[in-house]
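Residues per chain are reported as follows:
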Amino acid sequence: MAPEPTQTEIKVPIIWVLGGPGSGKGTQCEKIVAKYGFTHLSSGDLLRNEVKSGSPRGKELTEIMEKGELVPMDVVLDLIKEAILKALPCSKGFLIDGYPREKEQGIAFEKKIGEVSVVLFFDASENTLVERLLGRAKTSGRVDDNEETIKKRLNTFNTHNDQVVQQYTAKLKKINAERDADTIFTEVQSYLDPLVKS
């Protein structure tokens, strides 16, 4: 088994991207990847890919996600760590999208993988998020995009996200996600440019 990476081995920036489902995180991550060449790791995509693989781990995840519950922390952390180690040799930085979902996950991440450089939190009202997600449900075909599950997911997100936000106040950048994507990205760049230059 390979030794666990220590914090000093990951010398590129690690950025956590937080925001309720539908807050536009994906769009901003695409823009960040295009400009900075960072590796975008979405905990949701990693989970969905694992589900599609049909592995025993994937089958367990399907049941959990269909109930709108949180996937066990160790499973998500393993998936993220596997993906980081794979991309590390040629990555300029990592965008960790949708993680951590609760305070303990953040602490475990920094212990097992590396220290976070900055936390971007895309903040939008519940009404905006529900509206956007219902719109997305018409085209996505995702099992977790119906109104009841959406409201459950938002409730779960809000409950746990508050703890994360309080834990990382020094590194947190709270961004108003009700605006248009380009305006939001201008603000995002003001937080990321210093990381790249240093």
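Residue numbers here run from 1 along each chain, matching the order of that chain's written sequence. Two thresholds apply to this predicted model, a pLDDT of at least 70 for residue-level local features and 80 or more for giving and counting side-chain atom pairs, whereas whole-chain, interface and lining totals are computed over all residues. No hydrogens and no water enter the side-chain calculation; it runs on all heavy atoms of the structure.

For the protein chain, the name recorded in an unreviewed UniProt entry is adenylate kinase, with Cryptolaemus montrouzieri as its organism. Listed in UniProt under the heading Subcellular location (unreviewed entry), the comment for the protein chain reads: "Cytoplasm". According to the UniProt record, the Sequence similarities (unreviewed entry) comment for the protein chain is "Belongs to the adenylate kinase family." UniProt positions are given in the numbering used here, feature names are shortened, and annotations may be inferred rather than shown by experiment.

Trainee: Which parts of the structure should I look at to understand the overall build of the protein chain?
Mentor: From N to C terminus, the protein chain includes eight helices and five strands. The order of α-helices and β-strands along the protein chain, N terminus first, is β-α-β-α-α-α-β-α-β-α-α-β-α. Taking 2.2 N^0.38 as the reference for a compact globule, 198 residues should give roughly 16 Å; the C-alpha atoms of the protein chain span a radius of gyration of 16 Å, in line with that estimate. Burial classes follow relative accessibility: with a 1.4 Å probe on protein chains only, a residue under 20% of its type's maximum area counts as buried, one over 50% as exposed, and anything between as partly exposed. Counting only residues that meet the buried cut, the protein chain has 45% of its 198 residues in that class. Counting from the N terminus, the helices are the DSSP runs of H or I reaching at least four residues and the strands are the DSSP runs of E reaching at least two. A radius of gyration in this sense is built from C-alpha atoms; the matching globule rule multiplies 2.2 Å by the number of residues raised to 0.38.

Trainee: Explain the nonpolar core here, please?
Mentor: Side chains that are nonpolar tend, in soluble globular proteins, to be buried together. In terms of nonpolar packing, the biggest core is built from 33 residues, with W16, V71, I80, I84, I96 and F109 touching the most fellow members. Listing elements by their share of this core, those giving two or more residues are β1 (14-19), α2 (43-52), α3 (56-66), α4 (73-87), β3 (94-97), α5 (103-112), β4 (118-123) and α7 (147-167). Tallying contributions element by element places α4 first for this core, with eight residues. With near-sequence residues (within four places) excluded, V71 lies in contact with L47, L61, I64, M65, V76 and Q105. The criterion is simple. A nonpolar core is a set of buried Ala, Val, Leu, Ile, Met, Phe, Trp, Tyr and Cys residues joined through side-chain atoms within 4.5 Å. If you look at the next biggest cluster of nonpolar residues, it comprises 22 residues, including C29, I175, I184 and V188. Residue contacts follow a heavy-atom distance rule, with two residues in contact if any of their heavy atoms lie within 4.5 Å.

Trainee: Would you take a moment to explain the packing of α4 against α5 for this structure?
Mentor: Packed helix pairs are characterised by how far apart their axes lie and by the angle those axes make with each other. Their axes nearest at 11 Å, the elements α4 and α5 cross at an angle of 40 degrees. Once α4 is placed against α5, the crossing between them reads as right-handed. Each of M73, D74, L77, D78, I80, K81 and I84 in α4 lies in contact with α5, whose residues at this interface are E104, Q105, A108, F109 and K112. Only the stretch in contact is used when fitting a helix axis, every axis being a line fitted to C-alpha atoms; angles between N-to-C directions are given from 0 to 180 degrees. Should the near helix be turned anticlockwise from the far one by less than a right angle, the crossing is left-handed, and should it be turned clockwise, the crossing is right-handed.

Trainee: Can you walk me through the environment of S91 in this structure?
Mentor: Among the structural elements, S91 can be located in the loop between α4 and β3. Sequence separation between S91 and T39 is 52 residues, and the spatial gap between their C-alpha atoms is 6.1 Å. Not counting chain neighbours up to four residues away, the residues in contact with S91 comprise V12 and T39.

Trainee: Is there a simple way to explain the pattern of salt bridges in this structure?
Mentor: Opposite charge on two side chains makes pairing possible when the charged atoms of those side chains draw close. Counted as salt bridges are all cases of a side-chain nitrogen of Lys or Arg within 4 Å of a carboxyl oxygen of Asp or Glu. Taken as a whole and judged by the stated rule, the model has ten salt bridges. One salt bridge in this structure joins D45 and R48, with 3.2 Å as the shortest N-O distance. With D45 and R48 both in helix α2 and three residues apart, the pair spans about one turn of that helix. In this structure, R179 and E187 form a salt bridge, with 2.6 Å as the shortest nitrogen-oxygen distance. Note on R179: relative accessible area 31%, which makes it partly exposed. We classify E187 as buried; its relative accessible area is 19%.

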